[in-house]
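One letter stands for each residue in the lines below.
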Amino acid sequence: MREKLRLEKMARANSVRPGRWYSTTCKMCIHTCALRAHVSNKGVVDKIEGDPTSPSNKGKCCVKANTGAMRNYDPYRLKKPVKRTNPRKGPGEDPGWVEISWDEALDLVASKMKAMIEKDPREFCYAITDFHKIYNWAWPGQFGNANQFHVIGTYCGGAYHVTAGIYNSAFAGVGDYERCKYWIGCGTGDGFSSHLHVAAAQRMMADARDRGMKVVVVEPRLSTSAAKADEWIPIRPACDRHFVLGLIHTLMYEHKIYDAEYLKWFANGGYLINEEGWFHRSSTEKALPPEGRPEGSMRWFRQTREERYKPMVWDPVDKCAKVFDDPTIKDIALEGTYEVDGKKVRPAFQYIKDAYKEYTPEWAEKITTVPADTIRRIAKEFGEAAQIGSSITIDGEVYPYRPVSFNWYRGAQGHKFGTMDNQSYILLNMLVGSYNAPGGLLGVTLGSPHMVWTDEPGPDGILDPKPHQLHPEVPFAWPPNTTTLMEIMPLGVDPGQFNQLTLTDPEKYDITFKPKICLLYHSNTVWSNVGNVEKWHDIMRSFEFVWAIELFHNESSTFADVILPDRTFLESWALLMCEPPATEGLNCRQPVVEPLGETRDSYDILAEIAERMGTLPVMNDIYSFITGLVNTPDLMLDPQKRYTHKEFLDRCAHYWTRSVWPPERGIEWFMENGHNTIWRPPTHKYYMSDKRGRDMRRPFYCEYILQQKKHLQEQLKNVKLKFDWSFKDYAAFPDGSLSPVHSEPPEYDMYAITYKEHFMNFTENLSIPWIREIADRDPHHVGLIMNPKTAKAKGLQEGDYIEVRSQFGQLTGWLVYTEGIHPEVIGVSNATNRTVTHSPITRLGGGQFNTLLGNNFEYTDLCTGAMETVARVKITKLPAPPLPERY
Ligand SMILES: Nc1nc2c(c(=O)[nH]1)N[C@H]1C(S)=C(S)[C@@H](COP(=O)(O)OP(=O)(O)OC[C@H]3O[C@@H](n4cnc5c(=O)[nH]c(N)nc54)[C@H](O)[C@@H]3O)O[C@H]1N2
Ligand SMILES: Nc1nc2c(c(=O)[nH]1)N[C@H]1C(S)=C(S)[C@@H](COP(=O)(O)OP(=O)(O)OC[C@H]3O[C@@H](n4cnc5c(=O)[nH]c(N)nc54)[C@H](O)[C@@H]3O)O[C@H]1N2
Ligand code: SF4
Ligand SMILES: [Mo]
């Protein structure tokens, strides 16, 4: 031990020069782990570590954080505004960048923007994806504009956040690391490589496994999670819901394991459903919005008259139907068929169980390739580990104890029918009573305090649904005012992919305006968006003016007319915690070094442009509104004043600590102390108990989604759409509908998938030497991965140069063998599909993965905007070009 310490000290002594530590916050991925950065007396960052005082990452950080200094000192960073001199745009064209002064750059942008808003603000499209400054997402709101031009919502959380909002008032969800004993991870890197606060989650996962938690991973690929799990279940892509429907069937019909008490009292498993699929409602008893309810709750004023009558349950003791909140209810029936008011009705549980009769393990095996016996066994293990009936006392309060969780993210639900995918995983957790129980699956907030967890009772005794986690609902209108068609997606998350459809053929979508200006701020939308990439290039060329706020050149900013250089996280401000898995509070990012070159903080850039456009007062009002500052006259922004980012955050710090996490603190306190993070308090709102929960039942049967569909259909009655708009994605509970990727022409005989890894942030950090070295040593990230059995059957071998072609696009690469992939799947790592970068260190690939994906309504979940992120492809061997250097 002593030797180890001595060596550790030596290592530190070698890597750091005399200087001091600063508390700050990481931004090498979307999350925000607390860090400390060591800065030498010469003002150079020479070491980055996790902040040992943070209860979230507890002194740990991941490899990406370690490379923060390399990002900062990257010689190819943009350090001055640049303007293109070559009007021809696209790959292969040298934009002919020339450096210009800030004055010239800002004048140019402001004058173009001003002319545009004076004419028609709908001519502005924007891709803004900086999660650390989420208030900047609202910047275009000052023009009343909502033409989002990115897929940050719909590639990953489109359906996930909407359903988490409806079913749990949450932004995300994850197993209770502290108390879970049996963890299934499906299409997610949670706890290992991606999703919520990787560095913090890895630590929590390691601790949980140390105390014996079993981990099962369901994945087409031997991912980091799968490799570390107790069991890997390889699955055919885009059918995880079918696997889970198989588990639910088995638990309901074969093992007969389910948490009846949870389904009766904490969910609406006992609500009576009529043959048309609606709640059977009392004909006399009407519910009214609770007194003192804040104005503007969409859900209450949206309800039709008929929907205001209370839903009913069957009391098997008194043998009659009663309204759900009748105090005389002795018990609630979950099963059976009854006649009430002359109508045939069934409890929701029975209704769903009947619908799931056909979803046997054998049915699921045919679709998923997971053996029926495995499905039976996993169902049994999961059901038994839930310890249904057991309870736990925490701080004197008794809770149901259900130490199992089914976890999932992008891979499991980034698909056509993504809404139903999410619903199925939620239903499985509900079925065993683990949804919000200690040990089970718990809600996670987005993290910004103004969007902090607020669950509250809604109509029908059910939790008030909060589907709109990122911005308020876009009201119905036709013709549409957005290029994303949000007007006909009452539950949607802006489907940025639809820009490709609406901008290519505006008439078909009744778009009466023509977008001319595009802003790319912290968004590589040409790389990250789905659909044929040449079509994206055409759209980028069709804008009259493109401006970007970036650190680097990339696939998208190569189309820009002007690029304004942002500061790195070591030079700039932020105050938040993004998607904390088990903690709450604020982390402060502060400049720890002098900024390089003539860069500026993106907040300050946007404020200055607003000032030059004459819209600063509106910007300030909007920022006051979305941060909540509007509630406190002493902290609200003065519309006329231009604040620096630090001044703005100082006000947020005061307000957020005053209102959410007292004691009140200003930014100076955070600069000194780093964060005010607390571990989820035990008797916390996250757990459901008898005291909390009975008036906020979770919708095992989600009539609300059907109501949304009905309202939309009514609004569309008077409109003649020139395209087919399906409503199949709206469902009260999930069924076995299949994504169209499973029925493509037979020559597309393989599935192509993509994935993140712990060392990669999408793909943008592959320009960092340490990251590039890691990627180069891992076969999963140097070529297109395929199972050798499949390759041999196709007459291919490792090292072959191959083309991967879908109905929509194609890419090329070198074939790499791995046993760690489902035989029907080809893996396209994010590390293999860059096409334009700022740095010679990044290896360019033979095309972008997303060009393989279908970008149309058939491949989109039209309830939420989530899209199919799996492609069907055929593989052909090509003559090999010379191997690139270092391959
Ligand atoms: N290290 C790291 N962490 C990140 C990010 C990052 O880029 N790097 N990005 C952040 C963001 S914005 C997001 S959205 C999250 C994403 O977090 P995750 O959803 O955890 O990440 P992905 O790698 O996109 O997808 C998870 C896994 O799904 C698998 N997969 C693909 N198709 C299927 C399928 O059909 N079924 C199943 N079961 N699995 C499938 C992939 O092989 C992959 O391992 O991570 C966040 N955190
Ligand atoms: N093939 C493929 N496509 C994907 C995914 C995938 O895994 N594979 N993931 C999908 C998901 S889940 C998401 S959320 C989206 C993400 O999509 P994007 O948000 O477009 O993701 P990035 O490529 O990381 O682009 C972010 C850009 O921000 C820049 N940047 C980094 N730090 C800063 C900063 O501090 N300031 C400024 N101004 N810029 C900065 C980087 O240079 C980078 O070019 O992509 C989706 N598309
Ligand atoms: S998980 Fe993200 S925020 Fe946390 S240390 Fe790693 S790169 Fe930084
Ligand atoms: Mo994402």
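Before reading on, note that the structure itself is shown above.
The shown structure was predicted, so the numbers you read here are calculated from the model rather than taken from an experiment. (Residues numbered from 1 in each chain as written. Chains lettered and ligands numbered in written order. Predicted model: local features only at pLDDT ≥ 70, side-chain atom pairs only at ≥ 80, totals over all residues. Heavy atoms only, no water.)

Peer 1: Residue-level account of the overall build of the chain, with values.
Peer 2: A tally of helices and strands in the chain yields 25 helices and 33 strands. For the chain, whose C-alpha radius of gyration is 27 Å, the value lies close to the compact-globule estimate of 29 Å for 887 residues. Counting only C-alpha atoms and orienting by the principal axes, one finds that the chain spans roughly 80 × 70 × 70 Å. Burial status across the chain gives 64% buried among its 887 residues. (Helix = DSSP H or I, 4+ residues; strand = E, 2+ residues; numbered from the N terminus. Rg over C-alpha atoms; globule rule 2.2 N^0.38 Å. Buried < 20%, exposed > 50% of the residue type's maximum accessible area, 1.4 Å probe, protein only.)

Peer 1: Now, about unusual backbone geometry: what can you tell me, with residues and values included?
Peer 2: Following Trp478, the chain continues to Pro479 via a peptide bond in cis, the omega torsion being 5 degrees. Structurally, Pro479 is set in the loop between strand S20 (441-444) and helix H16 (499-504). The phi dihedral of Asp395 is positive, around 50 degrees, even though this residue is not glycine. Structurally, Asp395 is set in the loop between strand S17 (391-394) and strand S18 (397-400). A residue is classified by how much of its surface remains accessible, and Asp395, at 59% relative accessible area, is exposed. Even without being a glycine, Glu579 presents a positive backbone phi close to 50 degrees. With respect to the helices, strands and loops of the structure, Glu579 is situated in the loop between strand S24 (574-576) and strand S25 (583-584).

Peer 1: Describe the packing of aromatic side chains, with residues and values.
Peer 2: Scanning all chains against the criterion turns up 45 aromatic pairs. A centroid spacing of 5.4 Å and a plane angle of 50 degrees characterise the contact between Phe723 and Phe857, whose relative ring orientation is tilted. Residue Phe723 is found in the loop between helix H23 (703-716) and strand S28 (750-753), and its partner Phe857 is found in the loop between strand S32 (825-827) and strand S33 (871-878); the two are separated by 134 residues along the sequence. Members of the aromatic cluster, connected to one another through ring pairs, are Tyr271, Phe279, Phe324, Tyr351, Tyr356, Tyr359, Trp363, Tyr701 and Phe733. The ring of Phe417 carries Lys416 above its face, with NZ or CZ at 5.0 Å from the centroid. One cation-aromatic arrangement involves Arg680 over Tyr686; the distance from NZ or CZ to the ring centre is 4.8 Å. (Phe/Tyr/Trp six-rings, centres within 6.5 Å; stacked < 30°, edge-to-face > 60°. Lys NZ or Arg CZ within 6 Å of the ring centre and 35° of its normal.)

Peer 1: Talk me through the sheet that holds strand S5 (residues 98-99); I want residue IDs and the actual numbers.
Peer 2: Sheet strands pair by backbone hydrogen bonding; their relative direction is either parallel or antiparallel. Reading across the sheet, the 6 strands line up as S5-S4-S23-S22-S21-S6 and stay open at both edges, with mixed pairing between neighbours. If you trace the sheet from one side to the other, it starts and ends with S5 and strand S6 (124-128), each paired once. Sheet strands touched by helix H19 (residues 602-613): strand S21 (517-521), strand S22 (545-550) and strand S23 (562-565). Its angle to S22, the strand with the most contacts, is close to 145 degrees. (Pairing = 2+ DSSP bridges. Contact = heavy atoms within 4.5 Å. Axes fitted to C-alpha atoms, helices over the stretch in contact; angles between N-to-C directions.)

Peer 1: Help me get a handle on helix H13 (residues 372-385), residues and values and all.
Peer 2: Helix length check: H13, at 14 residues, gives a terminal C-alpha distance of 20 Å against a target of 20 Å (1.5 Å per residue), a fit within 8%. Turning to H13, its buried residues are Ala372, Thr374, Ile375, Ile378, Ala379, Phe382, Gly383 and Ala385. Down the axis of H13, the sector holding all buried residues measures 170 degrees, keeping them to one side. Just past H13, the residue Gln387 takes up positive phi, approximately 50 degrees. (Expected span 1.5 Å × (residues − 1). Arc of directions from axis to C-beta.)

Peer 1: Mind laying out the nonpolar core, listing which residues take part and the relevant values?
Peer 2: A general tendency of soluble globular proteins is for nonpolar side chains to be buried together. Ranked by internal contacts, the top residues of the largest apolar core, which has 177 residues, are Trp139, Trp547 and Trp725. It is helix H4 (residues 102-119) that provides the largest number of residues to this core, a total of 8 residues. Excluding its chain neighbours within four sequence positions, the residues that come into contact with Trp725 are Ile488, Met489, Phe498, Leu712, Leu716, Phe857 and Leu862. Formed by 22 residues, the second largest nonpolar core is a distinct cluster that contains Val151, Tyr155, Leu853 and Met867. (Core = buried A, V, L, I, M, F, W, Y, C linked by side-chain atoms within 4.5 Å.)

Peer 1: Provide a residue-level description of the site of ligand 2, including the pertinent values.
Peer 2: The immediate surroundings of ligand 2 are formed by 26 residues, with Asn524, Ser528, Asn554, Asp566 and Asn830 found nearest. Within the backbone of Asn524, an N or O atom sits 2.8 Å from an oxygen atom of ligand 2. A distance of 2.9 Å is found between an oxygen atom of ligand 2 and a side-chain nitrogen or oxygen belonging to Lys756. Mapped by element, the contributors of at least two residues to the shell around ligand 2 are helix H5 (153-168), helix H17 (525-528) and S22. A class-by-class count of the residues in the shell around ligand 2 yields 10 nonpolar, 10 polar and 6 charged. (Near = heavy atom within 4 Å. Polar contact = N/O pair within 3.5 Å; in protein donor to acceptor, adjacent residues only side chain to side chain. Nonpolar A, V, L, I, M, F, W, Y, C, P; charged D, E, K, R; others polar.)

Peer 1: Quick rundown of a nonpolar patch on the surface? Include the residues and the values.
Peer 2: On the surface, Phe625, Val630 and Met636 cluster together into a nonpolar patch covering about 270 Å² of accessible area. Secondary-structure assignment places Val630 in the loop between helix H20 (616-627) and helix H21 (645-659). (Patch = residues over 30% accessible without salt bridge, like charges linked within 9 Å, V, L, I, M, F, W, Y side chains within 5 Å. Areas by Shrake-Rupley, 256 points an atom, 1.4 Å probe, with all protein chains shown as cover. Salt bridge = Lys/Arg side-chain N within 4 Å of Asp/Glu carboxyl O.)

Peer 1: Got a sec to walk through the site of ligand 1? Specific residues and values, please.
Peer 2: What surrounds ligand 1 is a group of 34 residues, the closest being Gly189, Glu219, Arg410, Met760 and Phe762. Contacts to ligand 1 include Arg410, whose side-chain N or O atom sits 2.5 Å from an oxygen atom. Take Phe762: an N or O atom from its main chain is 2.7 Å from an oxygen atom of ligand 1. Relative to its unbound accessible area of 900 Å², ligand 1 is 98% covered by the protein chains.

Peer 1: Quick rundown of the environment of Val592? Include the residues and the values.
Peer 2: As for its placement among the helices and strands, Val592 is situated in the loop between strand S26 (587-589) and H19. The sequence separation of Val592 and Ser56 amounts to 536 residues, and the corresponding C-alpha distance is 22 Å. If sequence neighbours within four positions are ignored, Val592 has contacts with Tyr22, Thr24, Ala37, Val39, Val45 and Leu570.

Peer 1: Any details on the sheet that holds strand S3 (residues 45-50)? Residues and values, ideally.
Peer 2: Read from one edge of the open sheet, 3 strands run S1-S2-S3, paired in antiparallel fashion. A strand with exactly one partner marks an edge of an open sheet, and here the two such strands are strand S1 (19-25) and S3. Shown here is a sheet whose adjacent strand axes are inclined to one another by a mean of 25 degrees, direction ignored. Both S1 and strand S2 (residues 34-40) contribute to a ladder of 7 bridges, which runs antiparallel. Looking at S2, one finds that Tyr22 is bridged to Ala37.

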